[in-house]
Amino acid sequence: MLNLCYANKYGELTECFELLRNKIAVREQWNPECVLPTNGATGALDAIFLSIALQRYQKGEQPTAVIAVPEYFDAFKQLKLGGYQLTEVKGESFTYPVKEVVETIRRVKPALCYVSRPRNPTGELIEGKALDEILSTGDETCIVLDRSLLHPDKGYTAKEVRDKWGGKNIVIVDSFSKKEGLILERAGYLLTMNKETRDRI
């Protein structure tokens, strides 16, 4: 976020923004036009949830979301504050209910589905075929894939997700806070599959 109260710093801030965006693009092997630096991963989620909610409200519709429970408490809070109608999917245990989530997305056709990797708070890593089943539903529904707690050497990289599912409606969230120990810097980012989605956010 830019604080415009400090006008004399605005040029420096925008220059840093572009520099950070380009560095993230190199790191993730991503088109810089599809990268958006944010105020931590929480800032990325806020931007995504708000932009999708506004699109729905402009159409006279209430925004809707599918989310498996338990799930990251801050995502719940932000979705509720955004006025989302939540469809919570519960499995028989703490294992992520992949089949039930996919069936619910296809039945409800929500505006978005939030998935954290590893799953917060259980630590379960949704991977391989299970993750592919969820990502395959990203057409009308935006799949928000939060990788901010994922070790860089574990699971699908952002590039692998894009190479396999680049035509889908997927937004990837990541952060330097936990992985790089930069908690005070609040440096997060989101990656979109196309420039149009990034521009809307």
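Before reading on, note that the structure itself is shown above.
In this text, all values refer to a predicted model and were calculated from it rather than measured experimentally.

Cut-off values and rules
Residues numbered from 1 in each chain as written. Predicted model: local features only at pLDDT ≥ 70, side-chain atom pairs only at ≥ 80, totals over all residues. Heavy atoms only, no water. Pairing = 2+ DSSP bridges. Helix = DSSP H or I, 4+ residues; strand = E, 2+ residues; numbered from the N terminus. Axes fitted to C-alpha atoms, helices over the stretch in contact; angles between N-to-C directions. Contact = heavy atoms within 4.5 Å. Phe/Tyr/Trp six-rings, centres within 6.5 Å; stacked < 30°, edge-to-face > 60°. Buried < 20%, exposed > 50% of the residue type's maximum accessible area, 1.4 Å probe, protein only. Lys NZ or Arg CZ within 6 Å of the ring centre and 35° of its normal.

Enquirer: Is there a simple way to explain the sheet that holds strand β2 (residues 64-69) in this structure?
Expert: By definition, the strands of a sheet pair up through backbone hydrogen bonds, in either a parallel or an antiparallel sense. Ordered by their spatial adjacency, seven strands build an open sheet running β1-β7-β6-β5-β4-β2-β3, and the pairing between neighbours is mixed. Each having just a single partner strand, β1 (35-39) and β3 (85-90) make up the two edges of the open sheet. Recorded for the sheet is a direction-independent mean angle of 25° between the axes of neighbouring strands. Sheet topology places strand β5 (residues 142-146) next to strand β6 (residues 170-175); four bridges connect them, and they run parallel. Bridge pairing links Ile143 to Ile170 in β6. Contacts from helix α4 (residues 98-108) reach β2, β3, β4 (112-116) and β5 within the one sheet, and its direction differs from that of β3 by about 150°. Packed onto the sheet, helix α5 (residues 128-135) meets β4, β5 and β6 and runs at close to 140° relative to β5.

Enquirer: Would you mind showing me how to read the packing of aromatic side chains here?
Expert: For any pair of aromatic rings, the description consists of the separation of the ring centres together with the inter-plane angle of the planes. Counting across every chain of the model gives four aromatic pairs. With a centroid separation of 5.4 Å and 75° between ring planes, the pair formed by Tyr72 and Phe73 is classed as edge-to-face. Overall, the relative accessible area of 14% leaves Tyr72 in the buried class. Consider the rings of Phe176 and Tyr189, whose centres lie 5.4 Å apart with planes at 45°: the pair is tilted. Separated by 13 residues along the polypeptide, Phe176 in the loop between β6 and β7 (187-192) and Tyr189 in strand β7 bring together distant segments of the chain. In this pair, the class of Phe176 matches that of Tyr189, namely buried. Here a set of aromatic residues connected by ring pairs shows up, and it is made of Phe49, Tyr84 and Tyr114. The lysine or arginine in question, Arg162, covers the ring of Trp30, its NZ or CZ lying 4.7 Å from the ring centre.

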